[in-house]
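# Analysis of the macromolecular model
Read off the chains here:
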Amino acid sequence: MKTTEATDPLTAAVGPGKQRECTLTDDPYRGWAKRYDACTEPFNAGLRHMGLKLAPPRPGQRVLEVGCGTGTNLLKHQEAGSEVFGIDLSPRMLAEARRKLGPQARLCRGDAVRLPYTDAVFDLAVAMLALHEMPRFKRAGAMEEMARVVKADGQLLLIDFHPGPLQFPRGHGFKPFILMVERLAGREHFKNYRDFIARGGLPPLLEATRLRIDHQRIVSGGNLALLRLHQTSAGL
């Protein structure tokens, strides 16, 4: 007979070495978490709509968003009847997500490279504009962790910046706006963005995982990529 811990991804033990305290000492979103949606939604709404078409919300699904921010993505899944979970490093962004999603959402502060969930418990894991923010040494670990917590028949949805080639005129016209926003996000953020692009964006991060792309969409003139992934036949 299964115990509560075996079926609850938040209370289940994740094993020795998996748990670690979040070490964030300075919240980069502390000054603008309350304004984040107003500032970014004109840009993010279209991406979100495309992402929801690739991985439509379904009743009864268990959905995790890594880097959930203010919870706008999770809200769409919650409204469709999914059980939603979110993890983020920013206390201010999580506070906004809690206000938006209410107590039924399972939100926690934590690191993407040490997800506090047991194996194979989510039907869908989402990371939207999250991986490019991470330092180089964390990205592969975050991908491995998302693959670990998704069921063998589950899906991953990744949305992030893409190195191109850029199309003319849309791609070249949109690039300066992206660079401006990434610079405004801070020196460390911009450094991580530039490294992410220089290393090829999302596809190289899949090389060490058992994930395959079953749908890819390149948008904004080559500046952004949406990837829907499944576990390989190994299913591990």
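An account of the accompanying structure is given in this report. Keep in mind that this is a model prediction, so the values were computed, not measured.

Right, let's get into the overall build of the protein chain. Each helix and strand counted, the protein chain has 7 helices and 7 strands in total. Ordered by position from N to C terminus, the α and β elements of the protein chain give α-α-β-α-β-α-β-β-α-β-α-α-β-β. Taking all 236 residues of the protein chain together, 49% fall into the buried category. Taking contacts inside the protein chain between residues at least 6 apart in sequence as the whole, the part at least 24 apart equals 67%. Within the structure as shown, the protein chain displays about 11,900 Å² of accessible surface, and the carbon and sulfur contribution to it stands at 54%.

Taken residue by residue, helix α4 (residues 91–101) has Met93, Leu94, Glu96, Ala97 and Leu101 as its buried positions. Each buried residue of α4 lies within a common arc of 160° when the element is viewed along its axis, so the set occupies one face. Phi turns positive one or two residues past the end of α4, at Gly102, with a value near 80°.

Orientation of helix α6 (residues 170–184) relative to helix α7 (residues 187–198), taken along the N-to-C sense of each, is 140°, at an axis distance of 8 Å. If you check the angle between α6 and α7, you find them oblique. Within the contact between the two elements, α6 uses Lys175, Ile178, Leu179, Glu182 and Arg183 and α7 uses His189, Phe190 and Tyr193. Split by residue class, the contact of α6 with α7 holds 4 nonpolar, 1 polar and 3 charged.

Moving on, we come to the pattern of salt bridges. In this structure the tally under the stated criterion is 11 salt bridges. With a closest N to O distance of 3.9 Å, Arg106 and Glu83 form a salt bridge. Residue Arg106 is found in strand β3 (residues 106–109), and its partner Glu83 is found in strand β2 (residues 83–88); the two are separated by 23 residues along the sequence. Glu83 sits in the partly exposed class, given a relative accessible area of 31%. A single salt-bridge network, built from bridges that share partners, covers Arg136, Arg139, Asp195 and Arg199.

So, how was this worked out
In this numbering scheme, every chain counts its residues from 1 along its sequence in written order. Only residues with pLDDT of at least 70 get local features here, since the model is predicted, and only at 80 or more are side-chain atom pairs given and counted; chain-wide, interface and lining totals rely on the full set of residues. Water and hydrogen atoms were dropped before computing side-chain values, which therefore reflect all heavy atoms in the structure. Note on conventions: DSSP H or I runs of at least 4 residues are helices, E runs of at least 2 residues are strands, and numbering of each starts at the N terminus. Exposed residues in this analysis have more than 50% of their type's maximum accessible area, buried residues have under 20%, and partly exposed residues fall in between, with area computed by a 1.4 Å probe over protein chains only. The contact criterion used is simple: two residues touch if any of their non-hydrogen atoms lie within 4.5 Å. Surface accessibility follows the Shrake-Rupley procedure with a 1.4 Å probe radius. Residue values consider only the protein chains on display as shielding. What the arc describes is the spread of directions from the helix axis to the C-beta atoms. Think of each axis as a best-fit line through the C-alpha atoms, taken over the contacting stretch in the case of a helix, with angles from 0 to 180 degrees between the N-to-C directions. Throughout this description, any angle smaller than 35 degrees is read as roughly parallel, any larger than 145 degrees as roughly antiparallel, any in the 65 to 115 degree range as roughly perpendicular, and the remainder as oblique. Polar here means any residue other than Ala, Val, Leu, Ile, Met, Phe, Trp, Tyr, Cys and Pro, which are nonpolar, and Asp, Glu, Lys and Arg, which are charged; Gly is therefore polar. Salt bridge criterion: a side-chain nitrogen from Lys or Arg within 4 Å of a carboxyl oxygen from Asp or Glu.

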